[in-house]
Amino acid sequence: MADSKTSDGDVEEQAFNCIDEANAIINDVKAHVAEICISSKLASDATQIYLNIRTIESATCCVQVTSRGFKIVSSQYDTVDADKRMAAKLHIDEVEEAAAEEDEEIFETPYALLDKISPRYVESFGNQLCQQLRQLQQMRTEFLEEEEEEEEEEEEEEDD
């Protein structure tokens, strides 16, 4: 998902193509949410982008996407809650910063995030998976039927 960048020996947030990443996420999960889009009001850069999500249950949230993962930053669209903003602006020493990071939940995938905030996401995803498996089974059945017909035709030609 990302390329590493270093500066003066310090490892910085990994850079990734925000827009491409966000569009891939949107395409992956759009069938399982009521709405998902890139925030038009919160600034994106090379290390982060914000998505507005409304679940099937109509719960809304704003999610920050970085190379670290997915973090809910507000229960409202286009918003970062004040306490999250303040924590980002404060220069906290490393021990306090590590403790603060443990308090915030960062999800590795959009699926893990949706699994946590939307019970009907799991149902929707499962239904889609079942439908795809049925389609695959149907294709396999049709293929086997065609193969059997071809074998029967070959046997008839040999008998003649």
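Anything mentioned here points back to the structure above.
Source: prediction; values computed, not measured. (Residues numbered from 1 in each chain as written. Predicted model: local features only at pLDDT ≥ 70, side-chain atom pairs only at ≥ 80, totals over all residues. Heavy atoms only, no water.)

Draft legend 1. Region of interest: unusual backbone geometry. Even without being glycine, Ser58 reaches a positive phi, approximately 75°. By secondary structure assignment, the location of Ser58 is in the loop between strand 4 (48-54) and strand 5 (60-66). The backbone phi angle of Asp78 is positive, close to 55°, even though this residue is not glycine. Structurally, Asp78 can be placed in the loop between strand 6 (69-74) and helix 2 (82-89). With relative accessibility at 21%, the residue Asp78 sits in the partly exposed group. (Helix = DSSP H or I, 4+ residues; strand = E, 2+ residues; numbered from the N terminus. Buried < 20%, exposed > 50% of the residue type's maximum accessible area, 1.4 Å probe, protein only.)

Draft legend 2. A look at the pattern of salt bridges. Evaluation of the coordinates by the stated rule reveals 2 salt bridges. Arg54 is the salt-bridge partner of Glu35, the closest N and O atoms lying 3.3 Å from each other. One end of the pair, Glu35, is in strand 3 (residues 35-38); the other, Arg54, is in strand 4, with 19 residues separating them in the sequence. Across the pair Lys116 and Glu105 runs a salt bridge, and its minimum N-O distance is 3.8 Å. Of this pair, Lys116 sits in helix 4 (residues 110-117) while Glu105 is found in the loop between helix 3 (94-103) and helix 4, placing the two residues 11 residues apart along the sequence. (Salt bridge = Lys/Arg side-chain N within 4 Å of Asp/Glu carboxyl O.)

Draft legend 3. Region of interest: the sheet that holds strand 5. Ordered by their spatial adjacency, 4 strands build an open sheet running 3-4-5-6, and the pairing between neighbours is antiparallel. Both edges of this open sheet fall to strand 3 and strand 6, since each of them pairs with a single strand only. Strand-to-strand, the axes of this sheet are offset by a mean angle of 30°, without reference to chain direction. Bridging between strand 4 and strand 5 involves 7 bridges; their strand directions are antiparallel. Note on strand 5: the bridge partner recorded for Tyr50 is Gln64. Helix 4 rests against strand 4, strand 5 and strand 6 of the sheet, and its axis sits at about 40° to strand 6. (Pairing = 2+ DSSP bridges. Axes fitted to C-alpha atoms, helices over the stretch in contact; angles between N-to-C directions. Contact = heavy atoms within 4.5 Å.)

Draft legend 4. Local environment of the packing of helix 1 (residues 18-29) against helix 4. Between helix 1 and helix 4, the least distance of the axes is 11 Å, while the angle of their chain directions is 50°. With respect to helix 4, the axis of helix 1 lies oblique. As helix 1 runs across helix 4, the sense of the crossing is right-handed. Two secondary-structure elements touch here, helix 1 through Ile25, Asp28 and Val29 and helix 4 through Pro110, Tyr111 and Leu114. Split by residue class, the contact of helix 1 with helix 4 holds 5 nonpolar, no polar and 1 charged. (Parallel < 35°, antiparallel > 145°, perpendicular 65-115°, else oblique. Left-handed = near helix turned anticlockwise from the far one by under 90°. Nonpolar A, V, L, I, M, F, W, Y, C, P; charged D, E, K, R; others polar.)

Draft legend 5. Spotlight on helix 4. Taken as a whole, helix 4 has its buried residues at Pro110, Leu113 and Leu114. End-on view of helix 4: buried residues confined to an arc of 95°, all on one side of the axis. (Arc of directions from axis to C-beta.)

Draft legend 6. Expanded view of the side chain of Ser124. With respect to the helices and strands, Ser124 occurs in helix 5 (residues 119-159). Other than its neighbours up to four places away in sequence, Ser124 contacts Ala31, His32 and Ile56.

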